[in-house]
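# Architecture at a glance
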Amino acid sequence: MKKLLFLFVFVLALNPLHAQIDRSQQPLPGPAPKIQLDEPQEFVLKNGLRVLVVENHKLPRASATLNIDLNPIFEGELAGANALLSSMLGKGSVNTPKDAFEEEVDYLGARVNIGSSSAFASSLSRYFPRVLDLMADAVLHPNFLDEEFEKEKERLIEGIKSDENSVTAAARRVERLITYGKDHPYGEFTTAESVENVTLGDVKNYYSANFTPANAYLIIIGDVDFKTVKKQVSKLFKSWKGSPSKAIAFPAAKNAPSLEINFVEMPNAVQSEVSVEFTTEVVKTDADYFPMLLANRILGGGAQARLFLNLREDKGYTYGSYSSFSIDKYSRSRFRASASVRNAVTDSSVVELVKEVEKMRLTPVTQKELDQAKAKYVGDFVLALERPATIAQYALSILTEGLPADFYTTYLQKINAVSIEDIQRVSQKYLHLDNARIFVTGKGSEVLENLEKVTHNGQNLPVHYFDKYGEKVDRPNYDAALPDGINPATIVSNYIDAIGGLDKLKAIRSKKEIATASMQGMTLEISSKKTNEQQSALVVSMMGNPMQKQIINKDKGYNEAQGQRMEMDENALNEALVETAIFPELNLATEDLKMGGIVDVNGTKAYELQVSDNKSFFYAVDTFLKIKIVETQEIQGNTMKQETLLGDYKAIDGVLFPHKNTQSFGPQKIDFMTQSIELNLSFSAEDFQ
């Protein structure tokens, strides 16, 4: 009781102190934190390798960062060679096989990563000498094996093919190509054909020509001794030979003559990729650099920025909208404001992006916006200093970009010195829309009509049309007449005839199908049973053990995984009941179906039939077989799409069924191969319990 009484009196005694603080006024920001970067010790080997060592004994860890200061490389017909080189490095060496190398790295609790122009290694300081040995050995004596090359080549080609119908991949590819030009290293892109051109000899040539010590920097930071490190590095790297790589001139990026829209047709898009882009001349040594950083932060640097607050919080067009201002010492700086938006609001999103960029020029930012942007930069900068890789990058930037020695120690002072007037001055100087490009990648049949009505300063914006590889094309003709007699009803009727005819389909009362799929090296077995009485049982097994189950039985249904059973609510059950149909087309009300036109499905022309707000069927023009299903759904503000490709049709009792079912899960695709189909079996009641 005495302790409580004492605490009560103590709190009362503090009240006058609280009364003296005016909490209606925001506290003034304090001075910028003083940044103290450890001064590196330096030495240079005879072969040109420049080594910086920063001793820091606060933690028993050390890291090594190797960077080769290369100009961008234009690969041309061999596009993909550098990617293959990067994927092959770090897989052991001629002295240490891949498995033994990786096993030792894991045993030491270390990280070793090697790319086509860089390497990184980190570990506890007690193991660092050995880890540095491993990194140097892998860098200087790469293990270029034929079987590894063929494996990486196949993997790269598969990755390219998996991106074939990616709206985001197409958008980024065309944006870079048009912004920089097809003859610029940043504008070219890798194709399956260019990767096929690359030989192992080409990869070795790229390594020999570019992975050289003459323009290389090795930065070692952590709990190390300078003299010991110098002795070890000199021994490990003295045999490294090579001349400086040749800098090849390439054309400068050019902006548009006036504000324009560049539209990229992607018929499979369920949302549009929208961006406003241009390049400009700003480098880190410019006085305008720091105001531009803050201007970009205020415009599109996060959840508190104007783009996010407008397009997501106010309009609800997108899950997020952001901008970036990329500084590059090799090329013009690039500004980009972007969002992924619903098809229905594509044109409105373009208007809002342009409006927010223009607003930065015309209207001063508020003090609150500026203070928030500064606080975020200060926090991010201070946190970044805790990472050894950050210190290494700062040291490298000072050496290779002509920055003053105090660039990073005075970084926060320069950030805090930026004023509202500075922000508006640089916005007016650099954020010019009169030579910007608006990129829209999406489904033209749904977005182009309104997009072509977008105006700026009272003038309609010119629209240029491109395919997904950046080739200029004519405006897509979505009004092209369908063949005589083609409508939703005839498409469904022709499909039914193509797979066997109405009488045969109606005679099928049940279907049992067994399919298999390979996933992460494991084989899945999928057993599906369906009846024409709204019953289905789906069981996914691995090595004979059931992993997942879904049961639908007329007026009830549930999902089960790992012993946990979840009953379906009314909405989920209604959706699942639609999937129980052996032939969904028999239940379609053709008067409610909508035509989506003729589209390309992996090189095959197909009629798109919109069977609901979130589902479309695609039927081949020449055969009327169903070759694709696309379903979309909203998840946490994002539009998610699942695509199923159907193929390898085979007859079972006179009815054609697809025996290959390829489903997309994001970038990953899984092939389900049908092993057997049995029709009109008698199932027991327990099958659907």
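In this report, we go over the structure that sits alongside the text. (Residues numbered from 1 in each chain as written. Predicted model: local features only at pLDDT ≥ 70, side-chain atom pairs only at ≥ 80, totals over all residues. Heavy atoms only, no water.)

## A look at the packing of aromatic side chains
Throughout the structure, instances matching the rule amount to 24 aromatic pairs. With a centroid separation of 5.4 Å and an interplanar angle of 25 degrees, the aromatic rings of Y207 and F211 are classed as stacked. Between Y289 and F407 the ring centres are 6.2 Å apart and the planes differ by 40 degrees, which places this aromatic pair in the tilted class. Placement of the pair is Y289 in helix α10 (residues 289-300) and F407 in the loop between α14 (388-400) and α15 (411-416), with a sequence separation of 118 residues. Judged on exposure class, the residue Y289 and its partner F407 are both buried. Each residue in the set Y289, F290, F381, Y394, F407, Y408 and Y411 is aromatic and connected to the rest through ring pairs, giving one cluster. Its guanidinium or amino end placed over the ring of Y377, R297 lies 4.3 Å from that ring's centre, counting from NZ or CZ. Between the NZ or CZ atom of K628 and the centre of the ring of F618, over which it lies, the distance is 4.6 Å. (Phe/Tyr/Trp six-rings, centres within 6.5 Å; stacked < 30°, edge-to-face > 60°. Helix = DSSP H or I, 4+ residues; strand = E, 2+ residues; numbered from the N terminus. Buried < 20%, exposed > 50% of the residue type's maximum accessible area, 1.4 Å probe, protein only. Lys NZ or Arg CZ within 6 Å of the ring centre and 35° of its normal.)

## Points about the pattern of salt bridges
Per the counting criterion, the structure on display carries 39 salt bridges. The partner of E175 in a salt bridge is R172, with the nearest N and O atoms 3.7 Å apart. On the criterion of helical spacing, the pair formed by E175 and R172 is a turn pair, its members being three residues apart in helix α6 (residues 167-180). On the basis of relative accessible area, E175 is assigned to the buried category, the value being 1%. You can call R172 partly exposed: its relative accessible area is 25%. Of the charged contacts in the structure, one is a salt bridge between E585 and K626, with a shortest N-O distance of 3.0 Å. (Salt bridge = Lys/Arg side-chain N within 4 Å of Asp/Glu carboxyl O.)

## Focus: the environment of E265
Mapped onto the fold, E265 is located in strand β7 (residues 260-265). Sequence separation between E265 and A171 is 94 residues, and the spatial gap between their C-alpha atoms is 9.7 Å. When neighbours within four sequence positions are excluded, E265 is seen to be in contact with G442, K443, G444, F466, P476 and Y478. (Contact = heavy atoms within 4.5 Å.)

## Observations concerning the packing of helix α4 (residues 128-140) against helix α9 (residues 226-237)
Their axes nearest at 10 Å, the elements α4 and α9 cross at an angle of 25 degrees. What the angle tells us is that α4 and α9 run roughly parallel. For α4 against α9, the interelement crossing comes out right-handed. In contact with P129, L132, D133, A136 and L140 of α4, α9 contributes Q232, V233, L236 and F237. (Axes fitted to C-alpha atoms, helices over the stretch in contact; angles between N-to-C directions. Parallel < 35°, antiparallel > 145°, perpendicular 65-115°, else oblique. Left-handed = near helix turned anticlockwise from the far one by under 90°.)

## Some remarks on the sheet that holds strand β4 (residues 111-114)
Overall, mixed pairing links the six strands, which are arranged β1-β2-β6-β3-β5-β4 in an open sheet. Since the sheet does not close on itself, it has two edges, and those belong to β1 (41-44) and β4, each with one partner. Across the sheet, the mean angle separating the axes of adjacent strands is 10 degrees when strand polarity is ignored. Strand direction decides the pairing type here: strand β3 (residues 61-68) and strand β6 (residues 216-222), joined by seven bridges, are antiparallel. Its bridge partner lying in β6, I68 is registered against A216. (Pairing = 2+ DSSP bridges.)

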